[in-house]
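# Survey of secondary and tertiary structure
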Amino acid sequence: MKIWLVIGALLGGAATAQAQTPGDWVLARFKNGNYWFPGVLQSVSGDRLTIQYDDGDRETLPLSSVRPYNWTIGSRVECNFKGGGKWFPGKITSLGGTALAIDYDDGDKERTKTGLCRSR
C-alpha cells in the first residue's frame, strides 16, 4: 500500500489509496512514452516497478510511469484495429478481464484484447 500512496502523491491525488501489490493490474507508460498500456505489476524494488504488459512485453519503470488501472465502460482508448499495426480512437463498450469491445470513432466496432489498446 505504501508504494501506491507514494504514486498517489506523485500524481496529485489521481491514484486511489488502495492496496496495490504484485499481481495487480496497472497502466504503465511503455518506455516512458506518451501512452498508458495495461499490464500486471510483477515486483517492486525501491522506486522501480516491473510490469508484465498484456501484450507480452516486460520492463522496469520508475514510480511516475505507473498508475492504477482505471479503464471502464466508456473510457477513451486507442486500439490496434484487427492487430494490423494502425491505432484508431474509440471508446470501450464492454469489458471483462482482458477482453473488451470498442466502438471506434469512425463507426467500426471490434472485440479485442487489452494488449492491443492504449490510452493517453
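Attention in this report is confined to the structure presented alongside it.

Attention shifts here to the sheet that holds strand β5 (residues 66-68). Spatial ordering of the open sheet is given by β4-β3-β2-β1-β5, a layout of five strands whose pairing is antiparallel. Of all strands in the sheet, those with a lone pairing partner are β4 (58-62) and β5, marking the two edges. In this sheet, neighbouring strand axes are inclined to one another by 45 degrees on average, regardless of whether the strands run parallel or antiparallel. Sheet analysis places strand β1 (residues 25-29) next to β5, joined by three bridges and oriented antiparallel. Bridge pairing links Val26 to Pro68 in β5.

A few words on the pattern of salt bridges. Throughout the structure, instances matching the rule amount to three salt bridges. Where Arg118 meets Glu78, a salt bridge forms, and the shortest distance between an N and an O atom there is 2.9 Å. One end of the pair, Arg118, is in strand β10 (residues 117-118); the other, Glu78, is in strand β6 (residues 76-80), and 40 residues separate them in sequence. Its relative accessible area of 12% is what places Arg118 among the buried residues.

Let us look at the environment of Lys31. Structurally, the position occupied by Lys31 is in the loop between β1 and β2 (36-45). As a C-alpha pair, Lys31 and Thr60 span 29 residues in sequence and 9.0 Å in three-dimensional space.

What counts and what doesn't
Residues numbered from 1 in each chain as written. Predicted model: local features only at pLDDT ≥ 70, side-chain atom pairs only at ≥ 80, totals over all residues. Heavy atoms only, no water. Pairing = 2+ DSSP bridges. Helix = DSSP H or I, 4+ residues; strand = E, 2+ residues; numbered from the N terminus. Axes fitted to C-alpha atoms, helices over the stretch in contact; angles between N-to-C directions. Salt bridge = Lys/Arg side-chain N within 4 Å of Asp/Glu carboxyl O. Buried < 20%, exposed > 50% of the residue type's maximum accessible area, 1.4 Å probe, protein only.

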